[in-house]
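# Structural features, examined
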Amino acid sequence: MPNRPASNANNASIAVIGGGVIGLGVAWRLAQRGAAVQVFDRGAAGAGASHAAAGMLAACAEAEPGEEGLTALGRESQARWPAFAAELLDVSGVDVELRPEGTLVLALTADDQARLTHQLVFQQKLGLPLHWISAAETRRREPHLAGKLAGAVFSPEDTQVDNRKLVAALRVAAEAAGASINEYRAVKAISSRSGRVEGIVLADGTKVAADTVVLAAGAWARSIEGLEPELRPPVRPIKGQMLALRMDPAAPLLSHVLWAPGAYLVPRRDGRLLVGATVEEKGYDADLTAGGVLSLLEAAWRAVPAVEDLPIDEMWVGHRPGSRDDAPILGAGPLDGLIYATGHHRNGILLAPITADTIARLALDGTVDAAIRPFGIERFGSVAAAAE
Ligand code: FAD
Ligand code: GLY
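In this convention, every chain numbers its residues from 1, walking through the sequence in written order. The lettering of chains begins at A and the numbering of ligands begins at 1, in the order of writing. This being a predicted model, a pLDDT of at least 70 is required before a residue's local features are given, and a value of 80 or more before pairs of side-chain atoms are given or counted; all residues contribute to the totals for chains, interfaces and linings. Side-chain measures here rest on the full set of heavy atoms in the structure, leaving out hydrogens and waters.

A few words on the overall build of the protein chain. Each helix is a run of DSSP H or I of at least 4 residues and each strand a run of E of at least 2, with the numbering of both proceeding from the N terminus. Of the regular secondary structure elements, the protein chain holds nine helices and 19 strands. With the principal axes as the frame, the protein chain shows a C-alpha extent of 65 × 40 × 40 Å. Working definition: with a 1.4 Å probe on protein chains only, accessible area under 20% of the residue-type maximum means buried, over 50% means exposed, and in between means partly exposed. Of all 388 residues assigned to the protein chain, the portion counted as buried reaches 56%. Contact criterion: two residues are considered in contact whenever any of their non-hydrogen atoms come within 4.5 Å of each other. Long-range pairs, those at least 24 residues apart, make up 74% of the contacts in the protein chain with a sequence separation of at least 6. Put simply, the protein chain shows about 15,200 Å² of open surface, and 54% of that area lies on carbon and sulfur atoms. By the counting scheme adopted, Arg and Lys are positive, Glu and Asp are negative, and His together with the chain ends is not counted. The atom standing in for a charge is NZ when the residue is Lys, CZ when it is Arg, CG when it is Asp and CD when it is Glu. Taken as two groups, the 37 positive and 45 negative side-chain charges of the protein chain have centres that lie 2 Å from each other. In this description, accessible areas are obtained by the Shrake-Rupley approach with a 1.4 Å probe, and a residue is regarded as covered only by the protein chains that are shown.

In structure tokens form, the structure reads like this:
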């Protein structure tokens, strides 16, 4: 859907609802172009899913039948990551730790191997750079893996970043470019008149005028008032429990991101080993459960038995913004001046660079980049969008 561009980046006033990696990334790119950008978050910026995530950039290993469009978007964003990380380091001084080791998808048994091989055939048909490696090669790469294993799929281009450092870097970069970040300022509603946005209304009643409003409120995007039901993005919270163990940073148990049956393990440079994550339809429930943590730890232990000696550093819950088809909602809608940037579900860290670039272009130039064309809200139809 076309968007009427702000006449000139230097006088465009833009309100961004939500200060996660999506809102901050978009705000950074907009402010770099000279727009007057204000980000509003109901809490501390970056404390939502962007804080809870594992930081995997898994465009290849997570590719599934039926998600070819999402895989293409993920690959394009993955390709932008090295320059994005380098630019962030340059302007913010924060290294987001884009690591080169790649990902191993582990098969412990012949059954696991058969399942992975089936998936690999599909992934290779898409031209994705993954290949099977033997048990011996898998162990050479990761000596602490379980005694008995069948091999692994190696995905060299599925890397990782530290998502908490990413939040910090984006915040510094956005502010340095001139964006203002307003924390603990919840947005109650989007205001509009005659089919065009006028701005936003904060929970305390303050009205903020804006030519363009970017809705980037993650799993809460649907709760912002002022929109007809069919204009609210069909996004719901998908609960994820996760934990971090503490390794000796000088002798880490893993160097690759590891997908094991039942859990993924993500080693950080500071010695933390993330173990995630559950995928639960529990609304905004924020409880850690014995069953959730048990299943993650058991799966991690089966793959890397030595984790049993590691201290637990932290456990947490996050809420992924899941859309009806698990793909993001990117672009303008029927309400002039309103832009959607939400629904990134399991891939918001991966998709941060392409979302920031394309949404800023849309807001300032009215250009709908080909990469985001399939991801507009209109794909759901008004009836689908109206239903939760
Ligand atoms: P959020 O980071 O949730 O930001 C939304 C912001 O909106 C919040 O700060 C919130 O406070 C604010 N907000 C809400 N309501 C209002 C309001 N009324 N007014 C103002 N502000 C409001 N993705 C990957 O790419 N790789 C991974 O490895 C990965 N692992 C994950 C693991 C877990 C356990 C989880 C939960 C997610 C994971 N994800 C991963 C997904 C990724 O975290 C999300 O897709 C991404 O963070 C979404 O970013 P966001 O900015 O849209 O949402
Ligand atoms: N992408 C990993 C997760 O959402 O758990």
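Right, picking up where we left off after that structure.
This paragraph deals with helix α8 (residues 352–365). Since there are 3.6 residues in each turn of an α-helix, residues three or four apart along the chain are aligned in direction. Along its 14 residues, α8 runs 20 Å from first to last C-alpha, staying within 8% of the 20 Å computed at 1.5 Å per residue. Along α8, 11 of the 14 residues are buried, which leaves the element largely enclosed by surrounding structure. Listed as buried for α8 are A352, P353, I354, T355, A356, T358, I359, A360, L362, A363 and L364. Contact partners of the buried residues in α8: β1 (13–17), α1 (21–32), α3 (68–92), β12 (212–215), β18 (329–332) and β19 (338–342). Within two residues after α8, G366 carries a phi angle of roughly 75°, on the positive side. To estimate how far a helix should extend, the number of its residues minus one is multiplied by 1.5 Å.

Moving on to the packing of aromatic side chains. In summary, the pairing rule links any two rings of Phe, Tyr or Trp, Trp by its six-membered ring, whose centres are within 6.5 Å, and it sorts them by plane angle into stacked for under 30 degrees, edge-to-face for over 60 and tilted for everything else. A full pass over the atoms with the stated rule returns four aromatic pairs. An angle of 65° between the planes, with centres 5.5 Å apart, marks the rings of W28 and F84 as edge-to-face. Of this pair, W28 sits in helix α1 while F84 sits in helix α3, placing them 56 residues apart in sequence. Consider the rings of W220 and Y284, whose centres lie 5.9 Å apart with planes at 15°: the pair is stacked. In this pair, W220 sits in the loop between β12 and β13 (235–246) while Y284 sits in the loop between β16 (272–276) and α7 (290–303), placing the two residues 64 residues apart along the sequence.

Here the focus is a nonpolar patch on the surface. A surface patch of nonpolar side chains, about 240 Å² in accessible area, is lined by L288, I312 and M315. Tracing the chain through its elements places M315 in strand β17 (residues 312–323). Taking the relative accessible area as the measure of exposure, M315 reaches 37% and is therefore partly exposed. Patches were defined on residues exceeding 30% relative accessible area and lacking a salt bridge, with like-charge contacts within 9 Å and nonpolar side-chain contacts (Val, Leu, Ile, Met, Phe, Trp, Tyr) within 5 Å. A pairing counts as a salt bridge when a side-chain nitrogen of Lys or Arg comes within 4 Å of a carboxyl oxygen of Asp or Glu.

Moving on, we come to the site of ligand 1. Taken together, 37 residues sit near ligand 1, with D41, S50, M56, V187 and H345 positioned nearest. Polar contacts, as counted here, are pairs of nitrogen or oxygen atoms within 3.5 Å of one another; within protein the pair requires one atom able to donate a hydrogen and one able to accept it, and residues that are adjacent in sequence qualify only if both atoms are side-chain atoms. The separation between an oxygen atom of ligand 1 and a polar main-chain atom of I22 is 3.2 Å. Note that a nitrogen atom of ligand 1 is positioned 2.9 Å from one of the backbone N or O atoms of R346. Burial of ligand 1 by the protein amounts to 97% of the accessible area it has alone, namely 1,000 Å². Contributions of two or more residues to the shell around ligand 1 are made by α1, α2 (49–52) and β17. Residue classes in the shell around ligand 1 are distributed as 20 nonpolar, 13 polar and four charged. Think of it this way: one heavy atom of a residue within 4 Å of a molecule or strand is enough to make that residue near it. Charged means Asp, Glu, Lys or Arg here, nonpolar means Ala, Val, Leu, Ile, Met, Phe, Trp, Tyr, Cys or Pro, and polar covers whatever is left, Gly included.

Turning our eyes to something else, we now look at the pairing of strand β14 (residues 257–260). Alternating residues of β14 divide into V257 and W259 and L258 and A260, and every residue in both groups is buried. Here β14 runs beside strand β15 (residues 263–267); their pairing, made up of three bridges, is antiparallel. What sits directly across from L258, in β15, is L265. Strand pairing is assigned whenever DSSP detects at least two bridges linking the two strands.

Before going further, it helps to examine the pattern of salt bridges. All chains considered together, the criterion is met by 30 salt bridges. For E87, the salt bridge goes to R29, with nearest N and O atoms at 3.1 Å. Placement of the pair is E87 in helix α3 and R29 in helix α1, with a sequence separation of 58 residues. Look at R29 and you get buried, because its relative accessible area is 13%. Because the salt bridges share partners, they merge into one network encompassing R29, E76, R80, E87 and D357.

What follows is about helix α6 (residues 163–176). For α6, which comprises 14 residues, the first-to-last C-alpha distance of 20 Å matches the rise-based estimate of 20 Å (1.5 Å per residue) to within 8%. Packed against the buried residues of α6 are α1, α2, α3 and β8 (180–182). The residue sitting at the N-terminus of α6 and contributing the capping side-chain oxygen is D162; that oxygen lies 3.0 Å from the backbone nitrogen of R164. Just downstream of α6 lies G178, where phi reads positive at about 115°.

Turning our eyes to something else, we now look at the site of ligand 2. Within the structure, ligand 2 sits among M56, E62, Y264, A277, R320 and R346. R320 places a side-chain nitrogen or oxygen 2.7 Å from an oxygen atom of ligand 2. A total of 200 Å² of accessible area belongs to ligand 2 in isolation, and the protein chains cover 89% of it. Counted by class, the shell around ligand 2 contains three nonpolar, no polar and three charged residues.

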